[in-house]
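Residue strings, one per chain:
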Amino acid sequence: MTSTALAAPAHAAGLCQPREHEDDISEIAAETVRAACAVADSDIWYVWTGGHGAKPGMTKGAIDWSDPLRSENDPFRTGFDCSGLVRWALAQAYDYDIAGSPGLTNNLYGLYPPGSTRFGAAAGTAPLLPGDILFWGKPGAIHHVAIYLGAGLMVEAKESDTKIMVSDFRWGSKNDYAGALRMQSKAPDPGGGGGDTGQIQHATWGDTLNVRAQPNTGAAVVTTIAGGTSVFIGCQAHAQSITAEGVTNDAWSYLPALHGWITNIYLRGPAWMTDVPSCRDVPVPDAGGGGSGIGHATWGDSLNVRAQPNTGAAVVTTIAGGTSVVISCQMHAQSISAEGVTNDAWSYLPELGGWITNIYLKGPAWMTGVPTCGDSGGSTGGSIGHATWGGTLNIRTQPNTGAAVVTTITGGTSVLISCQMHAQSITAEGVTNDAWSYLPDLGGWITNIYLKGDAWMAGVPTCATA
């Protein structure tokens, strides 16, 4: 995650250290800076989606479809993107993965351990100290994050085809600096690497509480926790309305460390939690079949992701076992035997543009809560995702009408959308819209005008957000 048109000069990696007030910063801040600067001093690449595995640390990148040329080498490099770097640095400071998997920018913005302090954008750099976490965007749509060093400098993973670097503080290409967070308190490890219960954020109440796979009482129970447990909330959504303890509420909160949902009735605070973003802006598993979510963990060694759900198909990429992956849908296809298991279920990974056998996904043979892709197995043929309309529709290599046509589809085709972005504004069918959506199965872009739904698709992430 990054923004384009960033012209601020970079500084030598050797300058990566607290630049002022070193005696005034907390142990957490000092360790955060040390960890990030160790990366900057090690000649590590920025890679799109880097650092968002099951555990903090460098990972292979992926193509950033908002800037495919600059990011063309990211799948072959190992490194961090902006939030992956900050996730790693904070994990070193706290001795556990306080951001939680996958540690995206909105997860980081939602952190607020006891004793933390937020600084608004209007304050600029005046109140900041080394180790403060800087954000750009707006709540629920944060698109960049960095670590302040003092004296107007910061360490960041800036953009593809650059190394982790020290840069001048900037207000952002859209003047959208969103403020900073000072994380001073060191919370205890919540029970073992990656955050179970008691991590941060909000307290529950009641007796034994069910955490469910979906925000409704008919969904499977993922786990149970005791009332009074402190939980980290990633986002909240309006879903099934339930009545309990004399209260009726349709708000549910997603707990990323527990991979499930809890009704807000059993969270101390208002019915709709203040400062917790909507899940429409922070996608979660199975919340709409698209692009960036929290996903599922893989296991094993080197795993092949294939162009089609069979072992004869071309290998798109390989990933290490233990990598966290986003699943958009699953289907029954070629039956294979491996690791003493036979299974014909395969899952589609939209961020990687390919398929993996469910054998190497932690969970049941057929993944609970993951929708079926349909008989055709891709974005076309009525699988999942979003419906198009109109006549013959052009899918283009870039989000503009001057770009080459990759393929054409018929209006009414169902397509899988991984992300959307603002690009060329066009007028068609009496509508003007500058939003375009990327279709990973077709390798190209379509104007949102020909997608049924809002001009800006609810629940579909922005392509410039990792």
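Refer to the structure above for everything that follows.
Remember, predicted model here, so these are calculated numbers, not experimental data.

Colleague: Sorry if this is basic, but what is going on with the pairing of strand β29 (residues 419-428) here?
Modeller: Each regular strand carries side chains that alternate between the two faces of the sheet. As paired strands, β29 and strand β30 (residues 431-439) are joined by seven bridges and run antiparallel to one another. Counted as the bridge partner of T427 is T432 from β30. Linking two consecutive strands that pair antiparallel, namely β29 and β30, is a turn of two residues; a positive phi of about 55 degrees is found at E429 within it.

Colleague: Quick question: what am I supposed to make of unusual backbone geometry here?
Modeller: A negative phi holds for most residues other than glycine; trans holds for most peptide bonds. The backbone of T49 shows a phi angle near 70 degrees, a positive value even though the residue is not glycine. Among the secondary structure elements, T49 is positioned in the loop between β2 (45-46) and β3 (59-60).

Colleague: I tried to follow the pattern of salt bridges on my own but got confused; where do I start?
Modeller: Oppositely charged side chains can pair when the atoms bearing their charge come close. On inspection of all chains with the given rule, the structure shows seven salt bridges. The shortest N-O distance in the salt bridge between D43 and K163 comes to 2.8 Å. With D43 in the loop between α1 (27-40) and β2 and K163 in the loop between β8 (153-156) and β9 (165-168), the pair connects residues that are 120 residues apart, well separated along the chain. Classification of D43 as exposed rests on a relative accessible area of 52%. Between D67 and R70 there is a salt bridge, with the nearest N and O atoms lying 3.5 Å from each other.

Colleague: Please clarify how the packing of α1 against helix α2 (residues 82-94) should be interpreted in this entry.
Modeller: Working note: a packed helix pair is described by the angle between its axes plus the distance between those axes. Interhelical geometry of α1 versus α2 gives an angle of 130 degrees and a closest axis separation of 8 Å. Judged on the interaxial angle alone, α2 and α1 are oblique. The hand of the α1/α2 crossing is right-handed. Each of I28, E31, T32, A35, A36 and V39 in α1 lies in contact with α2, whose residues at this interface are L85, W88, A89, L90, Q92, A93 and Y94. Among the residues forming the contact of α1 with α2, the class breakdown is 10 nonpolar, two polar and one charged.

Criteria and thresholds
Residues numbered from 1 in each chain as written. Predicted model: local features only at pLDDT ≥ 70, side-chain atom pairs only at ≥ 80, totals over all residues. Heavy atoms only, no water. Pairing = 2+ DSSP bridges. Helix = DSSP H or I, 4+ residues; strand = E, 2+ residues; numbered from the N terminus. Salt bridge = Lys/Arg side-chain N within 4 Å of Asp/Glu carboxyl O. Buried < 20%, exposed > 50% of the residue type's maximum accessible area, 1.4 Å probe, protein only. Axes fitted to C-alpha atoms, helices over the stretch in contact; angles between N-to-C directions. Parallel < 35°, antiparallel > 145°, perpendicular 65-115°, else oblique. Left-handed = near helix turned anticlockwise from the far one by under 90°. Contact = heavy atoms within 4.5 Å. Nonpolar A, V, L, I, M, F, W, Y, C, P; charged D, E, K, R; others polar.

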